[in-house]
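Spelled out, the chains give:
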Amino acid sequence: MTDATTPATGTPLDGERTDLLDALAAARAALVNTVRGLTDEQAGQSPTVSSLCLGGLVKHVTRVEDRWLTFATEGGKNIDYALPAGVTWADITSGTAREYPQWMIEHQAAFRMAPGETLAEVLRRYEETAARTAGIVAALPDLSASHTLPEAPWEEEHGGSWTVRRVLMHVIEETSQHAGHADILREALDGSTAT
């Protein structure tokens, strides 16, 4: 267990916040360990039939954490999953959409290393996001505070809400899931295993 303290006062965090941040740190470490020793080129390779690459997974998890922690503090007011005029979710899922929304293009791009992007940059952004998350968790007065989920077809709870606590649990789940994907990619890439 870490000795987590609030950044502003240096006072210890309560047990629940410490436990949640420790679990997230462990999931992050599992993911980051999969990219140790890789070149930028290796981090961008897709060694399986999937288009996933290790650097892209770190980028994706960074984006997920950043967006969900913004949701935890601001709610869904700045989250818009609108589709272009005349495009339906059926068009999107069947791959027949004549146009894709910018948010979806950005989401897909987060799974890949961009030309000229370095693994060091990707990891630095992940560290910055981790520090931001710790600050948010320390500063929020109540982990039971909740916000209404944005409307999206993959959300089971249309009109439902999530607490900050549930958001943190989701980020831990997402990070852990992708750390497992990363283990498979790393082993396929060069035979190494992170765990």
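Refer to the structure presented above.
My aim in this report is to walk through the structure given alongside it, one point at a time. (Residues numbered from 1 in each chain as written. Predicted model: local features only at pLDDT ≥ 70, side-chain atom pairs only at ≥ 80, totals over all residues. Heavy atoms only, no water.)

**Here we look at the nonpolar core**
- With 28 residues, the main nonpolar core has Trp68, Leu69, Phe71, Val167 and Leu168 as its most contacted residues.
- Breaking this core down by element, the ones donating at least two residues are α1 (15–33), α3 (54–74), α5 (102–109), α6 (119–139) and α7 (164–190). (Core = buried A, V, L, I, M, F, W, Y, C linked by side-chain atoms within 4.5 Å. Buried < 20%, exposed > 50% of the residue type's maximum accessible area, 1.4 Å probe, protein only. Helix = DSSP H or I, 4+ residues; strand = E, 2+ residues; numbered from the N terminus.)

**Let's talk about α6**
- With 21 residues, α6 should cover 30 Å at 1.5 Å per step; its first-to-last C-alpha distance of 30 Å lies within 8% of that length.
- Among all positions of α6, only Leu119, Val122, Tyr126, Thr129, Ala130, Thr133, Ile136, Val137 and Ala138 are buried.
- Buried residues in α6 make contact with α1, α2 (40–44), α3 and α7. (Expected span 1.5 Å × (residues − 1). Contact = heavy atoms within 4.5 Å.)

**Considering the packing of α3 against α6**
- Across the interface, α3 lies against α6 with an axial gap of 9 Å and an inter-helix angle of 25°. Looking at the two axes, α3 sits roughly parallel to α6. With respect to the hand of their crossing, α3 and α6 are arranged in left-handed fashion. Contacts between α3 and α6 involve Gly55, Val58, Lys59, Val61, Thr62, Glu65, Asp66, Leu69, Thr70 and Thr73 on the former and, on the latter, Val122, Leu123, Arg125, Tyr126, Thr129, Ala130, Arg132, Thr133 and Ile136.
- When grouped by side-chain class, the residues that make up the contact of α3 with α6 number eight nonpolar, six polar and five charged. (Axes fitted to C-alpha atoms, helices over the stretch in contact; angles between N-to-C directions. Parallel < 35°, antiparallel > 145°, perpendicular 65-115°, else oblique. Left-handed = near helix turned anticlockwise from the far one by under 90°. Nonpolar A, V, L, I, M, F, W, Y, C, P; charged D, E, K, R; others polar.)

**Some details on the pattern of salt bridges**
- Under the counting rule described, the total for this entry stands at 11 salt bridges.
- Asp190 serves as the salt-bridge partner of Arg186, at 3.1 Å between the closest nitrogen and oxygen. With Arg186 and Asp190 both in helix α7, this residue pair falls four residues apart, about one helical turn.
- We classify Arg186 as buried; its relative accessible area is 9%.
- On the accessibility criterion, Asp190 (35% relative accessible area) is partly exposed. (Salt bridge = Lys/Arg side-chain N within 4 Å of Asp/Glu carboxyl O.)

**As for α3**
- With 21 residues, α3 extends 30 Å from end C-alpha to end C-alpha; this agrees with the ideal 30 Å at 1.5 Å per step.
- With 15 of its 21 residues buried, α3 lies for the most part within the structure.
- Positive backbone phi, approximately 80°, marks Gly75, located one or two places after α3.

**Focus on the packing of aromatic side chains**
- Going through the model one piece at a time under the given rule, you end up with four aromatic pairs.
- Residues Trp68 and Phe71 carry aromatic rings whose centres are separated by 5.3 Å and whose planes lie at 80° to one another, so their mutual orientation is edge-to-face. Within this pair, Trp68 and its partner Phe71 are both found in helix α3, separated by three residues, close to a single helical turn.
- Residue classification places Phe71 among the buried positions, given a relative accessible area of 1%.
- Pairing Trp68 with Trp162 gives two aromatic rings, centres 4.8 Å apart and planes at 25°, and the pair type is stacked. Remark: Trp162 occurs in strand β2 (residues 161–163) and Trp68 occurs in helix α3; sequence separation between them is 94 residues. The pair Trp68 / Trp162 is uniform in exposure class, with both members buried.
- Cluster of aromatic residues (ring-pair linked, three or more members): Trp68, Phe71 and Trp162.
- Here the guanidinium or amino end of Arg166 rests over the ring plane of Trp162, the centre of that ring lying 4.5 Å away. (Phe/Tyr/Trp six-rings, centres within 6.5 Å; stacked < 30°, edge-to-face > 60°. Lys NZ or Arg CZ within 6 Å of the ring centre and 35° of its normal.)

**Details of the packing of α1 against α6**
- Between α1 and α6, the shortest axis-to-axis distance is 11 Å and the interhelical angle comes to 170°. Judged on the interaxial angle alone, α6 and α1 are roughly antiparallel. Across the interface between the two elements, Arg17, Leu21, Leu24, Arg28, Leu31 and Val32 from α1 touch Leu123, Tyr126, Ala130, Thr133, Ala134, Val137 and Ala138 from α6.
- Here the contact of α1 with α6 is built from residues that sort into 10 nonpolar, one polar and two charged.

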